[in-house]
Amino acid sequence: MLGRIVFFLCLPSVLAAQLCKPNAAEGFKVRLSIKTALGDKAYEWNRNQRFLFQAAIAFAMSHHLELEFNVSNILVCDETPRVSFWFVVTSPGDPSRLVGKESVELAVRESRSRINNILLLNDATLEFVGVLPTLTAPVKPATPSWLIVFGVVIGMVGAGIVFLLVSTVVQKKRKKNEVAEEEDDDEEAQMKRTAGNEGIYNTSFSEYDRNTQM
Amino acid sequence: MKLKLKLPNPGLDDRIPSHGDLERMEKDEAGDRPQWDNKAQYLLTCVGFCVGLGNVWRFPYLCQSHGGGAFMIPFLILLVLEGIPLLHLEFAIGQRLRKGSVGVWRSINPYLAGVGIASMLVSFLVGVYYNTIMAWIMWYLFNSFQDPLPWSQCPLNANRTGYVEECARSTTVDYFWYRETLNTSTAIDESGGLQWWMVLSLIAAWTVLYVCCIRGIETTGKAVYITSTLPYLVLTIFLVRGLTLKGSTEGIKYLFTPDVNELMNPSTWLDAGAQVFYSFSLAFGGLISFSSYNSVHNNCEQDAVLISIINGCTSVYSATVIYSIIGFRATQKYDECFGDNILKLMNAFNYPENNITQSNYNEILTHLNNTSPDVIQGLSLQICDMQTFLSQGVEGTGLAFIVFTEAIIEMPISPLWAVLFFIMLFCLGLSTMFGSIEGVIAPLLDLKLLPRSWPKEVISGLTCFASLALGLIFALRSGNYWLALFDNFAGSIPLLVIGFFEMISVVYIYGMDRFNKDLEFMIGHKPNIFWQATWRVISPLIMIFILIFYFVTQVTKELTYLVWDQEAESFPTLAERYYPQWVYVMIFILAGVPSLAIPVFALYKLIQRKCCKKDYDDSTVDTISAKIQMSDKMKL
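What counts, and where the lines are drawn
- Residues numbered from 1 in each chain as written.
- Chains lettered and ligands numbered in written order.
- Predicted model: local features only at pLDDT ≥ 70, side-chain atom pairs only at ≥ 80, totals over all residues.
- Heavy atoms only, no water.
- Helix = DSSP H or I, 4+ residues; strand = E, 2+ residues; numbered from the N terminus.
- Rg over C-alpha atoms; globule rule 2.2 N^0.38 Å.
- Contact = heavy atoms within 4.5 Å.
- Areas by Shrake-Rupley, 256 points an atom, 1.4 Å probe, with all protein chains shown as cover.
- UniProt positions renumbered as here; feature names shortened; annotations may be inferred.
- Buried < 20%, exposed > 50% of the residue type's maximum accessible area, 1.4 Å probe, protein only.
- Phe/Tyr/Trp six-rings, centres within 6.5 Å; stacked < 30°, edge-to-face > 60°.
- Salt bridge = Lys/Arg side-chain N within 4 Å of Asp/Glu carboxyl O.
- Patch = residues over 30% accessible without salt bridge, like charges linked within 9 Å, V, L, I, M, F, W, Y side chains within 5 Å.
- Lys, Arg positive; Asp, Glu negative; His and termini not counted.
- Charge placed at Lys NZ, Arg CZ, Asp CG, Glu CD.
- Expected span 1.5 Å × (residues − 1).
- Disulfide = S-S within 2.5 Å.

Peer 1: Explain the overall build of chain B to me, please; I cannot follow it from the model alone.
Peer 2: Counting its regular elements, chain B contains 29 helices and two strands. Over its C-alpha atoms chain B spans a radius of gyration of 28 Å, differing by no more than 12% from the 26 Å that the globule rule assigns to 636 residues. Reported as C-alpha extents along the three principal axes, the dimensions of chain B are approximately 115 × 55 × 45 Å. Sequence-distant contacts in chain B: of pairs separated by 6 or more residues, those separated by 24 or more amount to 82%. Within the structure as shown, chain B displays about 27100 Å² of accessible surface, and the carbon and sulfur contribution to it stands at 63%.

Peer 1: Please explain the UniProt feature "binding site: Na(+)" (unreviewed entry) in chain B as it appears in this structure.
Peer 2: All names here are of chain B. UniProt records the feature "binding site: Na(+)" (unreviewed entry) for G48, V51, N55, S279, N311 and L428 in the present numbering. For the annotated residues, spread through 381 residues, the largest C-alpha to C-alpha distance comes to 12.4 Å, consistent with a single compact locus. Position of S279 among the secondary structure elements: in helix α15 (residues 266-279). According to the relative accessible area criterion, S279 is buried, its value standing at 8%. For S279, the contacting residues outside a window of four places in its chain are C50, N55 and N311. Along the chain, L428 turns up in helix α22 (residues 414-447). Judged by its relative accessible area of 5%, L428 falls in the buried class. Apart from the residues lying within four places of it in its own chain, the contact partners of L428 are G48, V51, G52, L53, V56 and P231.

Peer 1: What am I meant to see in the UniProt feature "transmembrane region" (unreviewed entry) in chain A here?
Peer 2: UniProt annotation of "transmembrane region" (unreviewed entry) refers to residues 146-166 of chain A when read in the numbering used here. Measuring from the first to the last C-alpha atom of residues 146-166 of chain A gives 30 Å, for a span that is 100% helix and 0% strand.

Peer 1: Sorry if this is basic, but what is going on with the packing of aromatic side chains here?
Peer 2: For any pair of aromatic rings, the description consists of the separation of the ring centres together with the inter-plane angle of the planes. Residues and elements named next belong to chain B. Applying the stated criterion across every chain, the model contains 56 aromatic pairs over all chains. Aromatic pair W36 and Y42: ring centres 5.7 Å apart, planes at 50°, arrangement tilted. Y42 matches W36 in its accessibility class, with the two residues each being buried. Judged by centre distance (4.8 Å) and plane angle (55°), the rings of F59 and F75 are tilted. Note that F59 is positioned in helix α5 (residues 59-65) and F75 in helix α6 (residues 72-97), a separation of 16 residues in sequence. With a relative accessible area of 0%, F59 lands in the buried category.

Peer 1: Looking at this structure, I do not really get the pattern of salt bridges. What am I missing?
Peer 2: For side chains bearing opposite charge, pairing can occur when the charged atoms are close. Residue and element names in this part refer to chain B. Evaluation of the coordinates by the stated rule reveals 17 salt bridges over all chains. Two residues, D21 and R24, come together in a salt bridge whose shortest N-O distance is 2.8 Å. Here D21 and its partner R24 are both found in helix α2 (residues 19-28), three residues apart, which amounts to about one turn of the helix. Here D518 makes a salt bridge to R96, at a shortest N to O gap of 2.8 Å.

Peer 1: Which parts of the structure should I look at to understand a positive patch on the surface?
Peer 2: Judged by side-chain charge, K172, K173, K175 and K176 of chain A come together as a positively charged surface patch. Relative to the helices and strands, K173 of chain A resides in helix α6 (residues 145-197).

Peer 1: Quick question: what am I supposed to make of helix α3 (residues 47-65) of chain A here?
Peer 2: Helical geometry note: an α-helix holds 3.6 residues per turn, so side chains three or four residues apart project in the same direction. Residues and elements named next belong to chain A. An ideal rise of 1.5 Å per residue puts 27 Å on 19 residues; α3 measures up with 27 Å between its terminal C-alpha atoms. Those residues of α3 that fall on the buried side of the exposure criterion are Q49, F53, Q54, A56, I57, A58, A60 and M61. Buried residues in α3 make contact with β1 (28-32), β2 (74-80), β3 (84-89), α4 (101-110), α5 (112-118) and β4 (126-128).

Peer 1: Would you mind going over the state of the cysteines with me for this structure?
Peer 2: Among covalent bonds in proteins, the disulfide is the one between the sulfur atoms of two cysteines. All names here are of chain B. Applying the stated criterion across every chain yields a total of two disulfides over all chains. The disulfide that involves C154 links it to C167, with 1.8 Å between the sulfurs. Disulfide C154 to C167: torsion about the S-S bond roughly -85°, handedness left-handed. Remark: C167 occurs in helix α9 (residues 165-169) and C154 occurs in the loop between α8 (113-142) and α9; sequence separation between them is 13 residues. The two residues C154 and C167 agree in class, both being buried. Each disulfide pairs two cysteine sulfurs, and for C337 the partner residue is C384, the sulfurs being separated by 1.9 Å. Torsion about the S-S bond of the C337 and C384 cystine: about -85°, corresponding to left-handed handedness. With C337 in helix α17 (residues 300-349) and C384 in the loop between α19 (373-379) and α20 (386-390), the pair connects residues that are 47 residues apart, well separated along the chain. Here the two residues C337 and C384 agree in accessibility, since each one is buried. As a non-bridged cysteine, C46 has C50 as the owner of its nearest cysteine sulfur, 6.5 Å distant.

Dropping the structure here:
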C-alpha cells in the first residue's frame, strides 16, 4: 500500500522528468536577462519567480485555447545560472500528453506583452528561443509632421517676400513724390540764393517749366 | 630685391577712379552703390561666407586622416602664406576699384574680363549644388520635430514579420538617408523621376535664400546677424553636451594625436593647401563685391588677418566638437559590439549575467577557446575595434546625415539635438550662399546683361529661379551622384585657376607698385615685406603647385563613383562604379567651361578690337551726342 502511494506520488515528477527535457520536441527554451533589464532593482530568480512564470504561461494558454490550464500543467526543467530553462505544457485533461508546439507559440505571441509585464521584462530580455517577437509598427500620423513644419516655414518666408516687395513699391512711390517736391524746393532755393548774391532775380526770365514745350 | 616685372597695360588710368575721385566719392557719398550699415555687418558677412559646411565636415576629417595634431602645422603655415595674402588681395582690389568681380578685372585690363566671367560661372554652378545640400539639411530639420526621430526606426516589411530587408542589412540611419530621403537609384544614368519631397525642400531652400537676398546687402546685412553668430552658439552647446557624454574624450584624443610622420607625406601639405584655399571662399568674386561696398579708407589689412584667424579657429573648434560627438558614437558602438559578443557567450555557455564584463572578456574567451573551440567558431564573434568605429565615414554628407544622426539618437532628448544641429548647418550654409549669390548678381549687373530699369528684387528673383530650375537635377533619384560630380569638378579646378589668374593680374598686370601706392592711400601705410614677398612670389607658387597636383591626380585617376546598391557584394558599404562615357562631356562643361572662359574671352576681345579698329572712328560719328562732343573738343 505504502509502495503504491509512493509510486503514485512519484509518478507526476517522473512523468514530468520524462516529458520535460532539453530539446524536447514540444518544448521551448526561455532565457531571462533580469539584471540587464532591471539593473539595481533586479530580483533573484528563485522558486517563487518560477511559479510566477508558470502562472503567466498558464494564463496565456487558457486565454488562447479557452481551456482551463493550471500551474501544474506548465513543466519547467534544466535551469541554468544564466537563468535559462526549458518548459513544456501538458494538456489539462490528460497530464501525460503535451500540447502542440504551434499552439504554445501562438498563445505566447498573443499574450507576449502581458507576460513581459508580469515579469517586468521586455521582448529582448525575456527571450523565447524560436518565437519571433511581434513588432509594433512605427506610429504614422495622418499628416507627416515634416509637411506641417514645411508649411509653416514657407508661409513665413512667403509673407516676408510679399512684405519686402510691397514696401519697395511703397518706397518708390514715396520717393517719386519727394523728388517732385524737392524739385520745386530747389527752384525756390536757387531763386533765393541768386537774389541774395547778385541783386534782384528777374522773375520774368525764370522758367517754371524746366522742359520747353514743343 | 624688387621684382620690376610688369606687363604693359595702356589706358589703365582711364578705366579706374583716381585717388582724387575716390576721395570725392567718399565725401559726397555719391553713386547708387549700396553700402554697409556698419563695420560689424561687413565682418559678419565675410566671416559667414568663409565659415561654411567645409569647416564642419571637411576639416575634421582631413585633420584626423593626416596625422591629427600634426596636421595643424601645414594648415597654419599655408594659412599664413596662402590664405591671408589672397584674402587681403581680394579685399584690397575690391575696395580700391569699387566694382564686382567682372568690373574689377575689366578695369585692370579689358582682356581680363574673362576672369570675372569665370568667377560668375563658378559661383553659379557651386551655388546650385550647395543649395541642394541646404535642401537636404532643411528636409532633416523638418523631420526633426518628432519623437522618436524617423531615422531611429526601421519600417516593417509587407507582412509585418520583420524589418524591411534593406534596412535590416544596413542601419536605420543609412536607410533613412539613402531610401527615404534620396530614394537613390543604383547608377548615375538611372535618373528615376523627380522626388516630390525633395522638390519641396529645394523650393523651401531657394525661397529662404531669396527672402534674405532680395535687396542685396540691405537684407543680407540684417540676416547675417543671426546666420553668422548662431553656429558658434550651437557649437558651444554641443561642446558642453559632448564633453559630458561617455567616450567624448576618446574622439578628441583620436583627432589630435599627432603623427609627425604624416608631415613627410606630400599629399598632407597639398590637402592642407587646398583646404585653406576652398575654406576662404576665394575666387568666387563674392569677397571682392563685399569689400567694394566699404568706405575707401577701411583697413582691409586688419580685416583680412582678423577673418583668417576667425576662420582657422572656427575650423579647429568645430573639429573638437564634431569629434567629441564621434567619440561618443564610437564608444556606443563599441559597447554594443562587446555586449553582443558577451551575450552570445553567455547564451552558449550559460554563464550568469554580469559574470563576463569588458575587462575579463579576453581571459574568459581564451579559456573557452581552449576548452571548446568548435562552439566558439560557431558563434561568429565580431572583433570590436575602437579605432575602426572612430574612423568610419566621417566626411561630407556622410558625417552630417549618417554618423552624426546616429549619435544624436543615442543622446537623451534627441529631437532637441537634431533641431539644433540642423539649424546650425543651415545657418552655416546660408551665409555661404549669400556670398555665392553676390558672386553671380554683381557680375550680371556689371556686364549689363539685364536692363538697368529692372529692380534688384527681380534680378535676385530671376537668379534664384534659374538656379532652382537647374537644381531640379538633384531632386532626381540619381541626384546624389550628380551632386558628387558637381562637387568634384565644378568647385575645384576652376577655382584654383581663377585664383592663380587673380594673383598674376593684380601683381604683374595691375602692377605691384601701383597696388602698394593704393594701399598706402587707403590704409595709411605701405604693405610690409611679408605682403610683398607673399603676393609676388610665395602665394602664386603655392597656387601653381596645388593646381598642377590636382590636375594631375584628376587626369590620371580612373573616374569612379560610389553607389548604394542592394545587389552589390559589399552592401551596405558603397560600391565603386565607373562613370559612363557621356559624363566626360559633363566634366568638361563643369570644369572646362569656366576655366576656358578666361582665354576665350581674351581672344574674343582681341578679335573684336582687331576687326572693328578700322571702323572705330567712323561708327561713332552717327550719334548726335558724338557730334556734340566732337564740337566741344574742337572749341577747346
